[in-house]
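Spelled out from the first residue to the last, the chains are:
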Amino acid sequence: MMSDPSEPRVFLVGAGPGDPGLLTVRGAEVLARADLVLYDQLVPRRLLDYANPAAELICVRDLPGHHPDKYPHIHTKLIETARAGKTVVRLKGGDPLVFGRGGEEAETLRDAGVPYEIVPGVTAAFAAASYLDIPLTHRLHASAVALVTGHELPNKPGNKLDWEALAKFPGTLAVYMGIARLPLIIAELLKFGKSPDTPSAIIERASTGDMRTVFARLGDLEQARRSAGLEAPGLILIGAVVDLRADRSWFERKPLFGHRVLVTRPRHQAGPMIRKLELLGAVPHAFPTVEVRDPTDWGPVDAALGEVAHGDWDWLVFTSANGVHKLVRRLGAIGMDLRALGPVKIAAIGPKTADALREYHLNADVVPKTYIAEELAAALTSEVAGKRVLLARANRGRDVLRVELAKVAATVAQITVYEQSDVVTLDAEVLDSLRRGEIRYVTLSSSNIARALLGAFDETIQGRVHRGEIRLVAISPETGNAVRDLGFPVAAEADLYTTDGLIDAVVKLANTERPVSSHME
Ligand code: SAH
């Protein structure tokens, strides 16, 4: 297909302030088809999960040059990539046209004749206001909002800000990039008659689980900032509306607000759990410790599928959703389809595995209520007497099921439909966070994951676990036992052996522990 030369090749996209849920639908659409994503350092990294998996991801930090001589390099990269016929998403924090130099980039693209599109984003002031329950405008208290840069030095030659006008501005001031110059900004506003009693706030990382805030009167704001230890980047809100906020905002009331939670599921399966944690106000850290891959040898699987198609097996047993997906996809890959399963009876280890089967319109004949091998073996014992049973499973795992079924079945065979292995290079940044004690809850979603993770803990981290500063939460009693066998304490075990159950266990545990407070007055 001939590509239309007027079709946009470059998208200037607002990434929003931090919560990945605040990316626009349009932003997600274009990210999903980008060949290159060129992102600013402040952009929430989680948004890169929405990018086309084949896209090249480059942080502008890694381009040559330093602020501000980095900009020509950014412009060149955009133009050259677009001219090569590729689609570029230029991802910028908040809104691209609010203190984001998006206007300059658009101008450069226009001059170069490169078609582009601009996708707005939620700017920091709007997000901070929403996530703190502060109405930026109010019928009685503020009829205007000013978005102000705090980057320009008052008194600097060429300074375009009229601080006298801002001091008299009849509304809310939202100052971006102003933390480093806060004393000067306050001095200018007070000099021109703004009341030192004006309600004010500083917000750091608005819309994320580690949002922090300081509230004070304008005259005391710098002092309050220092004692709270808030540093740039942060947003300053000044105006009567700041006093209209709720005691704790709707966001700060979320059950896991302010808590950092480690998610150890394999990377391609971690997404939904990470999003659920974000919606509960937590700061999730992805830390895959095991990977799931195709088996090195499909031979035995292909042979077994042929036998199933010939009616050589009576039962097909799945012990994970992964196993279901891998086996069904393999059917397609070797030119077969679901008809090959014919009248074979199907068992699933638990409701999630049964859900995976239902995605292919397959109803499991047996599903125990819990998710453990013993339960499945018990549920199957009466069914499989004298029958031929095929277990589709991972390369490693427990042997209980095979052993128990072999006692009654005529034949039990196992096929490896996927392989698990430990991740060799663990994320060093996350390990450092654990070492520094920044992460409180570690979720363990299988025994293998527990073993891989705990084996990577050095003495510092181990010490924190033993002192209860890091809390290990297990998805099931079996995983809990694996943790205890390695000599570590288990802080909680899920009641329901699924990731939702695991999250519930973290919420319950957090409820019994000291609530976090982000507010400092
Ligand atoms: N284009 C961005 C602003 C870029 S300038 C937007 O529309 O939001 C960078 C400044 O934005 C920071 O110095 C800080 O003042 C503010 N900022 C960006 N994200 C923020 C956040 N999540 N919380 C608080 N301030 C933020």
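As annotated in an unreviewed UniProt entry, the chain carries the name uroporphyrinogen-III C-methyltransferase and comes from Fimbriiglobus ruber. Taken from UniProt, the Sequence similarities (unreviewed entry) comment for the chain reads in full: "Belongs to the precorrin methyltransferase family."

Enquirer: Even after reading the chapter, I still don't get the overall build of the chain, so can you show me in this structure?
Expert: What the chain contains, in helices and strands, is 18 helices and 21 strands. Projected onto its principal axes, the C-alpha positions of the chain cover 90 × 60 × 45 Å. Intrachain contacts of the chain at a sequence separation of at least 6 include 67% that bridge at least 24 residues. As displayed, the chain offers around 23,900 Å² of accessible surface, 52% of which is attributable to carbon and sulfur atoms. The distance from the centre of the 61 positive side-chain charges to the centre of the 65 negative ones in the chain is 2 Å.

Enquirer: What is the right way to look at unusual backbone geometry in this model?
Expert: If a residue is not glycine, its phi is most likely negative; likewise, a peptide bond is most likely trans. The peptide bond linking H67 to P68 adopts the cis configuration, its omega dihedral lying at -5°. A cis geometry characterises the amide bond from A232 onward to P233, with omega recorded as 0°. Backbone geometry places R101, a non-glycine residue, at a positive phi of 60°. For R101, the position within the fold is in the loop between β4 (88-92) and α3 (102-112). For R205, which is not glycine, the phi dihedral falls at a positive 50°. Along the polypeptide, R205 turns up in the loop between β8 (199-204) and β9 (212-217).

Enquirer: Even after reading the chapter, I still don't get the sheet that holds strand β15 (residues 345-348), so can you show me in this structure?
Expert: Hydrogen bonding along the main chain pairs the strands of a sheet, whether they run parallel or antiparallel. Read from one edge to the other, the open sheet built from five strands follows the order β13-β17-β16-β14-β15, with strand pairing classed as mixed. Of all strands in the sheet, those with a lone pairing partner are β13 (290-293) and β15, marking the two edges. The average angle at which neighbouring strand axes cross in this sheet is 25°, direction not considered. Judged from the four bridges that link them, strand β14 (residues 315-318) and β15 form a sheet pairing that is parallel. If you follow V317 over to β15, its bridge partner there is A347. The strands touched by helix α10 (residues 321-333) within the sheet are β13, β14, β16 (388-394) and β17 (411-422), with β17 carrying the most contacts at an inclination of about 100°.

Enquirer: Explain the pattern of salt bridges here, please?
Expert: Once their charged atoms are close, side chains differing in charge can pair, the charge on each being opposite to the other. As enumerated under the stated definition, the model contains 41 salt bridges in all. Taking the shortest distance from any N to any O, the salt bridge between R212 and E204 comes out at 3.4 Å. Note on R212: relative accessible area 25%, which makes it partly exposed. Of the charged contacts, one joins D355 and R358 as a salt bridge, the two residues approaching to 2.9 Å between their closest N and O atoms.

Enquirer: Explanation requested: the site of the ligand in the structure shown.
Expert: Taken together, 16 residues form the shell around the ligand, and within it D95, V98, T123, A206 and G234 come nearest. Between the ligand and the protein, one listed contact pairs an oxygen atom with a backbone N or O atom of A124 at 2.9 Å. Measuring from an oxygen atom of the ligand, one finds a backbone N or O atom of G234 at 2.7 Å. A total of 540 Å² of accessible area belongs to the ligand in isolation, and the protein chains cover 88% of it. Taken domain by domain, the shell around the ligand gets at least three of its residues from each of domain 1 (10-122) and domain 2 (126-244).

Enquirer: What is the right way to read the environment of D355 from this model?
Expert: Positionally, D355 belongs in helix α11 (residues 351-358). Spatially, the C-alpha atom of D355 lies 28 Å from that of P255, the residues being 100 residues apart in sequence.

Enquirer: Would you explain the UniProt feature "domain: Tetrapyrrole biosynthesis uroporphyrinogen III synthase" (unreviewed entry) in the chain in this entry?
Expert: Under the present numbering, the feature "domain: Tetrapyrrole biosynthesis uroporphyrinogen III synthase" (unreviewed entry) in UniProt falls on residues 273-503. In residues 273-503, helix accounts for 40% and strand for 19%; the two terminal C-alpha atoms are 8 Å from one another.

Enquirer: What is the right way to read the side chain of T87 from this model?
Expert: The residue T87 is located in the loop between α2 (71-83) and β4 in this model. Judged by relative accessible area, which is 7%, T87 ranks as buried. For T87, the residues in contact, after removing those within four places along its chain, are R9, F11, R33, A34, D35 and L36.

Enquirer: Looking at this structure, I do not really get the sheet that holds strand β20 (residues 492-493). What am I missing?
Expert: Taken in spatial order, the five strands of this open sheet run β12-β11-β18-β19-β20, and their pairing is parallel. For this open sheet the edge positions go to β12 (283-286) and β20, each flanked by a neighbour on one side alone. Pairing of strand β19 (residues 471-474) with β20 involves two bridges; the strand directions are parallel. Across the sheet, A474 pairs through a bridge with E493, a residue of β20. Each of β11 (260-263), β18 (441-444) and β19 is contacted by helix α15 (residues 447-454), which is oriented at about 135° to β18, the strand it contacts most.

Enquirer: Help me out: how do you make sense of the packing of aromatic side chains in this one?
Expert: By convention here, two paired aromatic rings are described through the distance between centres and the angle between planes. Throughout the structure, instances matching the rule amount to five aromatic pairs. Their ring planes at 75° and their centres at 5.5 Å tell us that F251 and F257 sit as a pair that is edge-to-face. Residue F251 is classed as buried on the basis of its relative accessible area of 4%. Residue class for F257 comes out buried when judged on its relative accessible area of 4%.

Enquirer: Is there a simple way to think about the packing of helix α9 (residues 299-309) against α10 in this case?
Expert: Helix packing for two helices is described by the angle between their axes and how far apart those axes are. Put simply, α9 and α10 touch, their axes get as near as 11 Å, and they point 80° apart. On the basis of the axis angle, α9 is roughly perpendicular to α10. Residue-level inspection shows V301, D302 and L305 of α9 in contact with α10, the latter providing L327, R330 and L331. Among the residues forming the contact of α9 with α10, the class breakdown is four nonpolar, no polar and two charged.

Parameters and conventions
Residues numbered from 1 in each chain as written. Predicted model: local features only at pLDDT ≥ 70, side-chain atom pairs only at ≥ 80, totals over all residues. Heavy atoms only, no water. UniProt positions renumbered as here; feature names shortened; annotations may be inferred. Helix = DSSP H or I, 4+ residues; strand = E, 2+ residues; numbered from the N terminus. Contact = heavy atoms within 4.5 Å. Areas by Shrake-Rupley, 256 points an atom, 1.4 Å probe, with all protein chains shown as cover. Lys, Arg positive; Asp, Glu negative; His and termini not counted. Charge placed at Lys NZ, Arg CZ, Asp CG, Glu CD. Pairing = 2+ DSSP bridges. Axes fitted to C-alpha atoms, helices over the stretch in contact; angles between N-to-C directions. Salt bridge = Lys/Arg side-chain N within 4 Å of Asp/Glu carboxyl O. Buried < 20%, exposed > 50% of the residue type's maximum accessible area, 1.4 Å probe, protein only. Near = heavy atom within 4 Å. Polar contact = N/O pair within 3.5 Å; in protein donor to acceptor, adjacent residues only side chain to side chain. Domains from an automatic or database assignment. Phe/Tyr/Trp six-rings, centres within 6.5 Å; stacked < 30°, edge-to-face > 60°. Parallel < 35°, antiparallel > 145°, perpendicular 65-115°, else oblique. Nonpolar A, V, L, I, M, F, W, Y, C, P; charged D, E, K, R; others polar.

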